[in-house]
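# Reading the structure
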Amino acid sequence: TKISVIGAGNVGATTVQRLAEMEFGSIVLVDIVEGLPQGKALDLMQAGAIVGYDTKIKGSNDYADIVGSNIVIITAGAARKPGMSRADLININTKIMKDVCENIKEYAPNSIVIAVTNPLDVMTYVALEVTGFEPNRVFGMSGILDTGRFASFIADELACSKRDVEAMVIGGHGDQMLPLPQHSSVFGTPLPELLGENVIAGLVERTIHGGAEIVALLKQGSAFYAPSAAIVQMVESILRDEKRILPVSAYLEGEYGQKGIYFGVPAKIGCDGIEGIIELELTEEQKQALKESSASIKGSIEYLNI
Ligand code: NAI
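To start, this report covers the structure provided alongside it. (Residues numbered from 1 in each chain as written. Predicted model: local features only at pLDDT ≥ 70, side-chain atom pairs only at ≥ 80, totals over all residues. Heavy atoms only, no water.)

### So, the environment of G264
Rule in force here: Numbering goes from the N terminus for both helices and strands, where a helix is a DSSP run of H or I of at least four residues and a strand is a run of E of at least two. Here a residue-residue contact requires only that any non-hydrogen atoms of the pair lie within 4.5 Å.
Assignment of secondary structure puts G264 in strand β13 (residues 259-270). Between the C-alpha atom of G264 and that of V248, which follows or precedes it by 16 residues, the distance is 5.1 Å. Sequence-distant contacts of G264, that is, excluding residues within four places in its chain, are made with D121, I170, G171, V248 and S249.

See the structure below:
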(Lines give C-alpha, C1' and ligand atoms only; values in the text may rest on other atoms or scores of the structure.)
Protein backbone atom coordinates (compact mmCIF):
# COMPACT_ATOMS: atom_id res chain seq x y z
CA THR A 1 0.00 0.00 0.00
CA LYS A 2 1.20 3.48 -0.84
CA ILE A 3 -0.24 6.75 0.42
CA SER A 4 0.80 10.15 -0.88
CA VAL A 5 0.25 13.36 1.02
CA ILE A 6 0.50 16.58 -0.96
CA GLY A 7 1.45 19.58 1.17
CA ALA A 8 4.01 19.22 3.95
CA GLY A 9 2.50 21.90 6.18
CA ASN A 10 0.77 21.44 9.51
CA VAL A 11 -2.06 19.22 8.31
CA GLY A 12 0.04 17.22 5.82
CA ALA A 13 2.95 16.48 8.12
CA THR A 14 0.74 15.62 11.11
CA THR A 15 -1.27 13.29 8.89
CA VAL A 16 1.95 11.56 7.82
CA GLN A 17 2.96 11.19 11.47
CA ARG A 18 -0.35 9.52 12.34
CA LEU A 19 -0.27 7.29 9.23
CA ALA A 20 3.35 6.27 9.85
CA GLU A 21 2.50 5.19 13.38
CA MET A 22 -0.31 3.00 12.02
CA GLU A 23 1.99 1.27 9.48
CA PHE A 24 -0.49 1.11 6.60
CA GLY A 25 2.26 1.12 3.99
CA SER A 26 4.81 3.46 2.45
CA ILE A 27 4.20 7.19 2.43
CA VAL A 28 5.30 9.96 0.06
CA LEU A 29 5.15 13.57 1.23
CA VAL A 30 5.23 16.18 -1.56
CA ASP A 31 5.54 19.95 -1.33
CA ILE A 32 6.73 22.72 -3.64
CA VAL A 33 9.14 24.09 -1.04
CA GLU A 34 12.52 22.47 -1.57
CA GLY A 35 13.83 20.59 1.43
CA LEU A 36 10.65 20.90 3.50
CA PRO A 37 9.11 17.49 2.72
CA GLN A 38 12.55 15.83 2.69
CA GLY A 39 13.43 17.25 6.12
CA LYS A 40 10.09 16.32 7.68
CA ALA A 41 10.22 12.83 6.13
CA LEU A 42 13.68 12.24 7.60
CA ASP A 43 12.55 13.44 11.02
CA LEU A 44 9.47 11.18 10.87
CA MET A 45 11.58 8.19 9.77
CA GLN A 46 13.87 8.71 12.74
CA ALA A 47 10.87 8.89 15.08
CA GLY A 48 10.12 5.34 13.93
CA ALA A 49 13.26 4.10 15.66
CA ILE A 50 11.96 5.47 18.95
CA VAL A 51 8.20 4.92 18.66
CA GLY A 52 8.72 1.58 16.92
CA TYR A 53 7.48 1.70 13.33
CA ASP A 54 9.20 0.76 10.07
CA THR A 55 7.04 2.84 7.73
CA LYS A 56 9.02 4.14 4.74
CA ILE A 57 8.49 7.86 4.31
CA LYS A 58 9.88 9.75 1.35
CA GLY A 59 9.88 13.54 1.05
CA SER A 60 9.87 14.90 -2.49
CA ASN A 61 9.32 17.89 -4.75
CA ASP A 62 8.71 15.58 -7.71
CA TYR A 63 5.27 14.19 -8.48
CA ALA A 64 6.81 11.20 -10.26
CA ASP A 65 7.29 9.82 -6.73
CA ILE A 66 3.53 9.42 -6.20
CA VAL A 67 3.33 6.75 -8.92
CA GLY A 68 1.33 3.74 -7.75
CA SER A 69 -0.41 5.50 -4.85
CA ASN A 70 -3.60 3.90 -3.59
CA ILE A 71 -4.67 7.10 -1.87
CA VAL A 72 -3.59 10.70 -2.45
CA ILE A 73 -4.44 13.27 0.24
CA ILE A 74 -4.37 16.92 -0.81
CA THR A 75 -3.44 19.34 1.98
CA ALA A 76 -1.54 21.79 -0.23
CA GLY A 77 -2.68 25.35 -0.01
CA ALA A 78 -2.82 28.46 2.02
CA ALA A 79 -4.49 28.22 5.43
CA ARG A 80 -6.80 30.86 6.82
CA LYS A 81 -5.40 33.88 8.62
CA PRO A 82 -7.39 35.61 11.40
CA GLY A 83 -10.43 37.34 9.94
CA MET A 84 -10.07 35.51 6.64
CA SER A 85 -13.03 33.40 5.53
CA ARG A 86 -12.66 30.06 3.83
CA ALA A 87 -14.04 31.72 0.70
CA ASP A 88 -11.19 34.26 0.65
CA LEU A 89 -8.91 31.37 -0.07
CA ILE A 90 -10.77 30.36 -3.18
CA ASN A 91 -8.63 31.93 -5.88
CA ILE A 92 -5.25 31.12 -4.35
CA ASN A 93 -6.18 27.54 -3.66
CA THR A 94 -7.93 26.84 -6.98
CA LYS A 95 -4.60 27.44 -8.74
CA ILE A 96 -2.81 25.14 -6.33
CA MET A 97 -5.48 22.44 -6.68
CA LYS A 98 -5.23 22.56 -10.46
CA ASP A 99 -1.49 22.02 -10.36
CA VAL A 100 -1.76 19.21 -7.81
CA CYS A 101 -4.66 17.44 -9.54
CA GLU A 102 -3.09 17.53 -12.99
CA ASN A 103 -0.16 15.70 -11.47
CA ILE A 104 -2.39 13.20 -9.68
CA LYS A 105 -4.15 12.51 -12.98
CA GLU A 106 -0.83 11.89 -14.68
CA TYR A 107 1.03 9.94 -11.99
CA ALA A 108 -1.65 8.27 -9.85
CA PRO A 109 -4.60 7.74 -12.21
CA ASN A 110 -6.03 4.87 -10.18
CA SER A 111 -5.87 6.49 -6.77
CA ILE A 112 -8.62 7.53 -4.40
CA VAL A 113 -8.32 11.27 -3.77
CA ILE A 114 -9.12 12.89 -0.43
CA ALA A 115 -9.24 16.69 -0.66
CA VAL A 116 -8.61 18.74 2.46
CA THR A 117 -7.72 22.18 1.08
CA ASN A 118 -10.26 24.94 1.83
CA PRO A 119 -12.82 26.07 0.87
CA LEU A 120 -13.33 22.35 1.07
CA ASP A 121 -16.51 21.63 -0.87
CA VAL A 122 -15.43 23.87 -3.74
CA MET A 123 -11.86 22.56 -3.86
CA THR A 124 -13.15 18.98 -3.91
CA TYR A 125 -15.21 19.93 -6.94
CA VAL A 126 -12.05 21.32 -8.58
CA ALA A 127 -10.33 17.98 -7.85
CA LEU A 128 -13.17 16.09 -9.57
CA GLU A 129 -13.10 18.35 -12.62
CA VAL A 130 -9.34 18.37 -13.05
CA THR A 131 -8.68 14.67 -12.42
CA GLY A 132 -11.75 13.51 -14.33
CA PHE A 133 -11.94 10.57 -11.90
CA GLU A 134 -15.25 8.94 -10.98
CA PRO A 135 -16.99 10.80 -8.11
CA ASN A 136 -16.83 7.76 -5.80
CA ARG A 137 -13.05 8.17 -5.59
CA VAL A 138 -12.87 11.94 -5.16
CA PHE A 139 -14.20 13.28 -1.88
CA GLY A 140 -13.38 15.70 0.86
CA MET A 141 -12.62 15.71 4.57
CA SER A 142 -14.92 18.00 6.53
CA GLY A 143 -17.74 16.35 8.43
CA ILE A 144 -15.60 14.11 10.62
CA LEU A 145 -13.80 17.20 11.90
CA ASP A 146 -16.98 19.22 12.41
CA THR A 147 -18.65 16.21 14.02
CA GLY A 148 -15.63 15.71 16.26
CA ARG A 149 -15.86 19.30 17.43
CA PHE A 150 -19.60 18.98 18.12
CA ALA A 151 -19.04 15.68 19.97
CA SER A 152 -16.25 17.20 22.03
CA PHE A 153 -18.45 20.14 23.12
CA ILE A 154 -21.35 17.77 23.92
CA ALA A 155 -19.08 15.58 26.04
CA ASP A 156 -17.74 18.60 27.92
CA GLU A 157 -21.28 19.84 28.58
CA LEU A 158 -22.47 16.46 29.88
CA ALA A 159 -19.18 15.59 31.59
CA CYS A 160 -19.14 12.26 29.77
CA SER A 161 -16.66 10.42 27.58
CA LYS A 162 -16.27 11.68 24.02
CA ARG A 163 -16.27 8.04 22.97
CA ASP A 164 -19.91 7.66 23.97
CA VAL A 165 -21.03 10.61 21.87
CA GLU A 166 -22.35 10.04 18.33
CA ALA A 167 -22.69 13.45 16.72
CA MET A 168 -23.70 14.39 13.20
CA VAL A 169 -22.94 17.46 11.14
CA ILE A 170 -23.86 17.78 7.44
CA GLY A 171 -23.83 20.54 4.81
CA GLY A 172 -21.05 22.79 3.59
CA HIS A 173 -17.79 23.00 5.52
CA GLY A 174 -18.22 26.61 6.51
CA ASP A 175 -20.50 28.94 8.40
CA GLN A 176 -23.48 27.19 6.84
CA MET A 177 -22.72 23.73 8.15
CA LEU A 178 -25.62 21.98 9.84
CA PRO A 179 -25.08 20.22 13.15
CA LEU A 180 -28.04 17.86 13.60
CA PRO A 181 -29.03 17.52 17.28
CA GLN A 182 -31.79 14.98 16.57
CA HIS A 183 -29.25 12.70 14.87
CA SER A 184 -26.74 13.17 17.67
CA SER A 185 -26.87 11.02 20.76
CA VAL A 186 -25.03 9.87 23.84
CA PHE A 187 -25.02 6.12 24.25
CA GLY A 188 -28.25 5.93 22.25
CA THR A 189 -30.16 8.77 23.89
CA PRO A 190 -30.88 11.61 21.43
CA LEU A 191 -29.34 14.95 22.36
CA PRO A 192 -32.69 16.83 22.68
CA GLU A 193 -33.60 14.46 25.54
CA LEU A 194 -30.38 15.24 27.36
CA LEU A 195 -29.93 18.98 27.04
CA GLY A 196 -32.17 22.04 26.85
CA GLU A 197 -32.81 23.80 23.57
CA ASN A 198 -30.74 26.85 24.47
CA VAL A 199 -27.77 24.79 25.58
CA ILE A 200 -27.88 22.78 22.35
CA ALA A 201 -28.14 26.01 20.33
CA GLY A 202 -24.98 27.23 22.07
CA LEU A 203 -23.09 24.03 21.25
CA VAL A 204 -24.27 24.19 17.65
CA GLU A 205 -23.10 27.78 17.35
CA ARG A 206 -19.69 26.97 18.82
CA THR A 207 -19.34 24.01 16.44
CA ILE A 208 -20.11 26.16 13.40
CA HIS A 209 -17.37 28.59 14.42
CA GLY A 210 -15.08 25.88 15.80
CA GLY A 211 -12.41 26.42 13.16
CA ALA A 212 -12.45 30.20 13.52
CA GLU A 213 -12.17 29.91 17.32
CA ILE A 214 -8.88 28.08 16.89
CA VAL A 215 -7.62 30.42 14.14
CA ALA A 216 -8.23 33.40 16.46
CA LEU A 217 -6.36 31.75 19.34
CA LEU A 218 -3.38 30.61 17.25
CA LYS A 219 -2.92 33.97 15.53
CA GLN A 220 -1.17 32.14 12.71
CA GLY A 221 -2.23 29.01 10.86
CA SER A 222 -5.29 26.91 11.61
CA ALA A 223 -6.24 23.63 13.25
CA PHE A 224 -4.34 20.49 12.33
CA TYR A 225 -4.44 17.91 15.13
CA ALA A 226 -8.15 17.14 14.80
CA PRO A 227 -8.11 17.58 11.00
CA SER A 228 -5.29 15.05 10.59
CA ALA A 229 -7.10 12.61 12.87
CA ALA A 230 -10.19 12.96 10.67
CA ILE A 231 -8.18 12.28 7.51
CA VAL A 232 -6.69 9.14 9.04
CA GLN A 233 -10.14 7.84 9.98
CA MET A 234 -11.12 8.09 6.31
CA VAL A 235 -7.92 6.38 5.16
CA GLU A 236 -8.44 3.58 7.66
CA SER A 237 -12.00 2.94 6.49
CA ILE A 238 -10.78 2.76 2.87
CA LEU A 239 -7.70 0.60 3.38
CA ARG A 240 -9.35 -1.82 5.81
CA ASP A 241 -12.57 -1.75 3.75
CA GLU A 242 -14.40 -1.04 6.99
CA LYS A 243 -17.45 0.42 5.23
CA ARG A 244 -17.94 2.87 8.09
CA ILE A 245 -20.60 5.54 7.73
CA LEU A 246 -18.67 8.77 8.02
CA PRO A 247 -19.68 12.35 7.22
CA VAL A 248 -17.59 13.43 4.21
CA SER A 249 -17.92 15.92 1.38
CA ALA A 250 -19.44 13.79 -1.37
CA TYR A 251 -20.56 14.46 -4.94
CA LEU A 252 -24.34 14.54 -4.94
CA GLU A 253 -26.37 13.17 -7.80
CA GLY A 254 -29.87 13.80 -6.53
CA GLU A 255 -29.38 12.97 -2.85
CA TYR A 256 -30.69 15.65 -0.49
CA GLY A 257 -32.29 17.24 -3.57
CA GLN A 258 -28.89 18.33 -4.93
CA LYS A 259 -27.07 17.56 -8.15
CA GLY A 260 -23.56 18.32 -9.36
CA ILE A 261 -22.10 19.76 -6.18
CA TYR A 262 -20.17 18.58 -3.16
CA PHE A 263 -21.25 18.96 0.43
CA GLY A 264 -21.09 17.06 3.66
CA VAL A 265 -23.29 13.97 4.00
CA PRO A 266 -22.93 10.65 5.79
CA ALA A 267 -21.44 8.14 3.36
CA LYS A 268 -20.29 4.55 3.48
CA ILE A 269 -16.51 4.52 3.03
CA GLY A 270 -14.79 1.35 1.87
CA CYS A 271 -12.17 0.07 -0.57
CA ASP A 272 -14.01 1.66 -3.51
CA GLY A 273 -14.17 5.03 -1.79
CA ILE A 274 -17.76 6.23 -1.42
CA GLU A 275 -19.97 3.17 -1.58
CA GLY A 276 -23.28 4.83 -0.76
CA ILE A 277 -24.79 8.01 0.61
CA ILE A 278 -27.15 7.95 3.56
CA GLU A 279 -30.10 10.32 3.50
CA LEU A 280 -31.09 11.46 6.97
CA GLU A 281 -34.48 12.75 7.87
CA LEU A 282 -34.42 16.52 8.32
CA THR A 283 -36.82 19.08 9.75
CA GLU A 284 -38.28 21.67 7.37
CA GLU A 285 -36.01 24.29 8.88
CA GLN A 286 -32.96 22.09 8.33
CA LYS A 287 -33.97 21.39 4.75
CA GLN A 288 -34.16 25.13 4.15
CA ALA A 289 -30.77 25.71 5.79
CA LEU A 290 -29.27 22.95 3.66
CA LYS A 291 -30.66 24.62 0.54
CA GLU A 292 -28.98 27.87 1.52
CA SER A 293 -25.71 26.09 2.23
CA SER A 294 -25.78 24.37 -1.15
CA ALA A 295 -26.71 27.59 -2.94
CA SER A 296 -23.63 29.26 -1.56
CA ILE A 297 -21.41 26.36 -2.71
CA LYS A 298 -23.06 26.45 -6.14
CA GLY A 299 -22.43 30.18 -6.33
CA SER A 300 -18.72 29.69 -5.69
CA ILE A 301 -18.49 26.89 -8.25
CA GLU A 302 -20.01 29.11 -10.95
CA TYR A 303 -17.22 31.63 -10.56
CA LEU A 304 -14.44 29.08 -10.60
CA ASN A 305 -11.70 29.58 -13.10
CA ILE A 306 -10.63 25.99 -13.71
P1 NAI B 1 0.18 25.01 5.87
O2 NAI B 1 0.38 26.38 5.39
O3 NAI B 1 0.80 24.59 7.15
O4 NAI B 1 0.67 23.98 4.75
C5 NAI B 1 0.33 24.08 3.40
C6 NAI B 1 1.48 23.52 2.59
O7 NAI B 1 1.09 23.48 1.21
C8 NAI B 1 2.76 24.37 2.65
O9 NAI B 1 3.84 23.58 3.10
C10 NAI B 1 2.95 24.83 1.21
O11 NAI B 1 4.32 24.95 0.83
C12 NAI B 1 2.25 23.73 0.43
N13 NAI B 1 1.90 24.10 -0.93
C14 NAI B 1 1.46 25.29 -1.41
N15 NAI B 1 1.29 25.23 -2.73
C16 NAI B 1 1.61 23.97 -3.12
C17 NAI B 1 1.63 23.30 -4.38
N18 NAI B 1 1.27 23.92 -5.50
N19 NAI B 1 2.03 22.02 -4.39
C20 NAI B 1 2.40 21.39 -3.27
N21 NAI B 1 2.40 21.97 -2.06
C22 NAI B 1 2.01 23.25 -1.98
O23 NAI B 1 -1.40 24.79 5.93
P24 NAI B 1 -2.20 23.66 6.73
O25 NAI B 1 -2.54 24.16 8.07
O26 NAI B 1 -1.47 22.38 6.59
O27 NAI B 1 -3.56 23.61 5.89
C28 NAI B 1 -3.56 23.12 4.55
C29 NAI B 1 -4.93 23.33 3.90
O30 NAI B 1 -5.90 22.52 4.53
C31 NAI B 1 -5.47 24.75 3.97
O32 NAI B 1 -6.12 25.08 2.76
C33 NAI B 1 -6.46 24.69 5.10
O34 NAI B 1 -7.44 25.70 5.03
C35 NAI B 1 -7.03 23.32 4.88
N36 NAI B 1 -7.69 22.71 6.04
C37 NAI B 1 -8.87 22.07 5.81
C38 NAI B 1 -9.54 21.43 6.82
C39 NAI B 1 -10.82 20.71 6.53
O40 NAI B 1 -11.58 20.44 7.42
N41 NAI B 1 -11.09 20.35 5.30
C42 NAI B 1 -9.02 21.47 8.20
C43 NAI B 1 -7.74 22.10 8.32
C44 NAI B 1 -7.11 22.72 7.26
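This is not the end of the story, as more comes after the structure.
### Examining a nonpolar patch on the surface
Heads up, the rule is: Like charges within 9 Å and nonpolar side chains (Val, Leu, Ile, Met, Phe, Trp, Tyr) within 5 Å are joined into patches, using only residues over 30% in relative accessible area that form no salt bridge. Values of accessible area rely on a 1.4 Å probe in the Shrake-Rupley scheme; residue burial ignores everything except the protein chains shown. We count a salt bridge whenever a side-chain nitrogen from Lys or Arg sits within 4 Å of a carboxyl oxygen from Asp or Glu.
On the surface, a cluster of nonpolar side chains totalling about 280 Å² of accessible area is made up of I32, V33 and L36. Relative to the assigned elements, I32 resides in the loop between β2 (26-30) and α2 (36-51).

### Description of the sheet that holds strand β11 (residues 189-190)
Rules: Criterion used throughout: strands pair if DSSP finds at least two bridges between them.
Reading across the sheet, the 3 strands line up as β7-β10-β11 and stay open at both edges, with antiparallel pairing between neighbours. A strand with exactly one partner marks an edge of an open sheet, and here the two such strands are β7 (165-166) and β11. Strand direction decides the pairing type here: β7 and strand β10 (residues 185-186), joined by 2 bridges, are antiparallel. Within β10, the residue paired with E166 across the bridge is S185.

### Considerations on the site of the ligand
Put simply, the rule is: For this description, a residue counts as near a given molecule or strand if any of its non-hydrogen atoms is within 4 Å of it. Polar contact is defined as a pair of N or O atoms within 3.5 Å, subject to the rule that within protein one atom must be able to donate a hydrogen and the other to accept it, and that residues adjacent in sequence are counted only when both atoms are side-chain atoms.
If you check the shell around the ligand, you find 28 residues, and the closest are N10, V11, D31, V116 and M141. Within the side chain of D31, a nitrogen or oxygen atom sits 2.7 Å from an oxygen atom of the ligand. The backbone of V116 places a nitrogen or oxygen atom 3.0 Å from a nitrogen atom of the ligand. Coverage of the ligand by the protein chains reaches 88% of its 860 Å² of free accessible surface. Looking at the shell around the ligand, the elements with two or more residues in it are α1 (10-22) and α3 (90-107). Sorting elements by how many residues they give to the shell around the ligand places α3 first, with 4 residues.

### As for unusual backbone geometry
Backbone phi values are negative for most residues with the exception of glycine, while trans is the configuration of most peptide bonds. The following threshold applies: Residue burial is assigned from relative accessible area. The probe radius is 1.4 Å, only protein chains are included, and a residue is buried under 20% of its type maximum, exposed over 50%, and partly exposed in between.
Omega for the peptide link from N118 to P119 comes to -5°, which places this bond in the cis form. By secondary structure assignment, the location of P119 is in the loop between β5 (112-115) and α4 (120-131). The backbone of A159 shows a phi angle near 50°, a positive value even though the residue is not glycine. Although it is not a glycine, K243 adopts a positive phi angle of roughly 60°. In this fold, K243 is placed in the loop between α8 (225-239) and β12 (244-253). Residue K243 is classed as partly exposed on the basis of its relative accessible area, which comes to 35%.

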